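# Structural description and commentary
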Amino acid sequence: MGPLFAYSLAPVVSVALLLCFTTALRGRDALGLTLYCLTTAAWSGALLLLCVPAWAWLGERLAASGAFVAAAFLHAAYDVTRRRSYGLVVLAYAVATAVTTVGVFAPMALYGALAMQRGPLFWPIMALSVSAACVPLLHLYRAWRAESPERRPLLRSLGIAGALAYSGGTGTALLLSGGYALPWGLYLVLAALLVLVHVIDAHQPAGDRKRMERSLVYSAMAAVLSAGFLFGVLTLMDGGGQPLLAQYRGAAFALLALAALAFEPVRQGFQEWLGRRLLKGRATGDELAQALVQQEARADQAERLAELGRFTSAVAHEVRNPLGVLGAHLKLLERQGVDAESLAAMREQMARASHFVDELLRYGRPRPLELRAVEVSATVALAWSTARQGLGALAPEVAFELSADEAPRLEADQGQLSQVFVILLENALLALRDVPAPTLRVVVTPDTDARTLCVRVEDSGPGIPPELLPRLFQPFVTGRKREGPRPGTGLGLAIARGIVERHGGTLRASRSEDLGGARFDLALPLRQPAPLSVAAG
């Protein structure tokens, strides 16, 4: 094995470990991606051992561990596409275990010494690998065709990363087994990892996405500085002009930087953990970064909302003035004995226009948050009563279930939070009007990290039309008919999501697996982040 092959493996191992630790520590629902990066690092590390004479025997027996990379990629594809059944993934891991076991105990059956020959099982295993590569790529292609336009780039990037990794891994195996220790396939594997950064980045919510980007940039900067310090110490300690430092200074510095880069997320995580244990009540670096991201997002949103507020105020003024004039003329017509049914229809349309203007103002000019300790179960109960009273005769008799065992209080604006629940409960009640034995359920549970409160609102209605789901929270999008008893303005869910996001939370819609109707999931932080100046103090 030449030095070019070894130097080409170093960045692959480093970047794979960096992504593995970053995803494991900061990712959400990304077990497949974490294992994919880990197995890539393990396989590349096994090849790197082939370049070290003292450890070449171990690398020779572990070179077949690349089979786990294919299994982990299938796992990642299933995670990203939200598959429920993982039977094929389990089978893939079992096959990878069998192939790796053969490589450990009978390497000559796959390849010769230092993986530089082809054994009797080499071509059958290669055919199996190529066939296995087609399974997740085909699965991603099918999911891409049925996925919403917003998620298609994510699936496309994951497919590109997989194609590059499969090509690079297969190419490396073919070159090595043919007696050529050339690193061209490794460059494709490295390119796959760089594309995977985008997949991991897009797999997170907007706030966590920026934090992860900052974490990666900070990791690179800290690694370079750490490597520079260590390189300086080694240079001062080296008085004999050893070849490592005297002739290969650039390569030695690069290797030190890559080694520091790989484990930088672990150092950050340990530092955060130690800081929370020793300095209770103080903001950690991760919390400061999160507060900075939220402050930047709020500043951008405030500027957009100010412009939107001016626009909605102008629209409301131009609409309300004619409505007032029309109301005065209706009174004159009523005194003149005009048909009462016609007057009632005109008043209904005017009330509808006035309600739309009120909704538009609520969307375009949101009130500042007035934070206090809020008991969510009591707020939901109040919203349930308000929603039923607001709908009046339109509210059907519904089996209402509220579960909020041991739910802690959270810091929020109770009035605006109640408005969110009223919107969701009113929509559910209207959807349940023609449903036999309707059921509406609200479940309040603290998250596992004890920092977030999760609220699930689900019903047994007809559910959300699939074509409407990607656009559900956009303004002026509604599933109600205009001629219905309570036509929608298309602003209610947009207002609800805006309130939740101003609290630093998330609001998502899906189909209820238990009741079969619509399901809305709210995630709200128990404590609102303090400004940076307070957090730093």
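Residues numbered from 1 in each chain as written. Predicted model: local features only at pLDDT ≥ 70, side-chain atom pairs only at ≥ 80, totals over all residues. Heavy atoms only, no water.

Before going further, it helps to examine unusual backbone geometry. One non-glycine residue, Arg82, adopts positive backbone phi at about 60 degrees. On the secondary structure map, Arg82 appears in the loop between α4 (67-80) and α5 (87-105). Since its relative accessible area comes to 57%, Arg82 is described here as exposed. (Helix = DSSP H or I, 4+ residues; strand = E, 2+ residues; numbered from the N terminus. Buried < 20%, exposed > 50% of the residue type's maximum accessible area, 1.4 Å probe, protein only.)

In this section: helix α12 (residues 264-278). Relative to the 21 Å expected for 15 residues at 1.5 Å per residue, α12 spans 21 Å between its end C-alpha atoms, a close match to the ideal helical length. Turning to α12, its buried residues are Glu264, Pro265, Gln268 and Glu272. An end-on view of α12 places all buried positions within 105 degrees of arc, on one side of the element. (Expected span 1.5 Å × (residues − 1). Arc of directions from axis to C-beta.)

Residues of the chain with pLDDT of at least 70 account for 76%, and the chain-wide mean is 80. Here residues 531-537 scores under 50 on pLDDT; set against residues more than four positions off or in separate chains, the count is ten contacts. (pLDDT = per-residue confidence, 0-100. Contact = heavy atoms within 4.5 Å.)

Taken together, the side chains of Leu4, Tyr180, Leu182, Trp184 and Tyr187 present a nonpolar region at the surface, about 520 Å² in accessible area. The residue Leu182 is located in the loop between α7 (152-177) and α8 (184-202) in this model. (Patch = residues over 30% accessible without salt bridge, like charges linked within 9 Å, V, L, I, M, F, W, Y side chains within 5 Å. Areas by Shrake-Rupley, 256 points an atom, 1.4 Å probe, with all protein chains shown as cover. Salt bridge = Lys/Arg side-chain N within 4 Å of Asp/Glu carboxyl O.)

If you walk through the whole model with that rule in mind, you get seven salt bridges. A salt bridge links Glu401 to Arg441, with the nearest nitrogen and oxygen atoms 3.0 Å apart. Of the two residues, Glu401 sits in strand β2 (residues 399-403) while Arg441 sits in strand β4 (residues 439-446), which places them 40 residues apart along the sequence. A salt bridge links Arg519 to Asp521, with the shortest nitrogen-to-oxygen separation between them at 2.9 Å. When its relative accessible area of 23% is taken as the criterion, Asp521 is described as partly exposed. One salt-bridge network, held together by shared partners, links Glu401, Arg441, Arg456, Glu458 and Asp514.

Right, let's get into the packing of aromatic side chains. In this description, an aromatic ring pair is defined by two values, namely the gap between the centres and the angle between the planes. Under the counting rule described, the total for this entry stands at eight aromatic pairs. Taking the centre distance of 5.2 Å and the plane angle of 80 degrees together, the rings of Phe122 and Trp123 count as edge-to-face. In this structure Phe122 comes out as buried when scored by relative accessible area, which is 7%. By relative accessible area, which is 48% here, Trp123 ends up partly exposed. Judged by centre distance (6.4 Å) and plane angle (15 degrees), the rings of Tyr141 and Trp144 are stacked. Taken together, the residues span about one helical turn, with Tyr141 and Trp144 both in helix α6 (residues 122-146) at a distance of three residues. Taking the ring centre of Tyr78 as reference, the NZ or CZ of Arg83 above it sits at 4.7 Å. When the ring centre of Trp144 is taken as origin, the NZ or CZ atom of Arg152, which lies over that ring, is 4.5 Å away. (Phe/Tyr/Trp six-rings, centres within 6.5 Å; stacked < 30°, edge-to-face > 60°. Lys NZ or Arg CZ within 6 Å of the ring centre and 35° of its normal.)

The geometry of helix α2 (residues 31-49) relative to α4 is characterised by a closest axis approach of 7 Å and an angle of 165 degrees between their N-to-C directions. Between α2 and α4, the crossing angle belongs to the class labelled roughly antiparallel. Classified by chirality, the crossing of α4 by α2 is left-handed. Facing Leu31, Gly32, Leu33, Leu35, Tyr36, Thr39, Thr40 and Trp43 of α2, the residues of α4 in contact are Phe68, Val69, Ala72, Phe73, His75, Ala76 and Asp79. Its residues assigned to classes, the contact of α2 with α4 shows ten nonpolar, four polar and one charged. (Axes fitted to C-alpha atoms, helices over the stretch in contact; angles between N-to-C directions. Parallel < 35°, antiparallel > 145°, perpendicular 65-115°, else oblique. Left-handed = near helix turned anticlockwise from the far one by under 90°. Nonpolar A, V, L, I, M, F, W, Y, C, P; charged D, E, K, R; others polar.)

This next bit is on the pairing of β4. For β4, a buried count of six out of eight residues is recorded, marking the element as mostly surrounded by other parts of the structure. Note that β2 and β4 share five bridges and pair parallel. Residue pairing across strands places Ser403 opposite Val443, the latter belonging to β4. In the sheet, β4 pairs with strand β5 (residues 452-459) via seven bridges, with the strands oriented antiparallel. Bridge pairing in β5 places Leu440 opposite Asp459. (Pairing = 2+ DSSP bridges.)

Here the focus is the sheet that holds β4. The strand order across the open sheet built from five strands is β2-β4-β5-β7-β6, with neighbouring strands paired in mixed fashion. Taken across any chain shown, the strands that pair with only one partner, and hence form the sheet edges, are β2 and β6 (506-511). Across the sheet, the mean angle from the axis of one strand to that of its neighbour is 10 degrees, orientation sign disregarded. Pairing between β6 and strand β7 (residues 518-525): six bridges, direction antiparallel. In the sheet register, Ala509 faces β7, and the bridge partner there is Phe520. Strands β2, β4 and β5 of the sheet are contacted by helix α15 (residues 376-391), whose axis makes an angle of about 165 degrees with β2. Packed on one face of the sheet, helix α16 (residues 414-431) meets β2, β4, β5 and β7 and runs near 170 degrees to β7.

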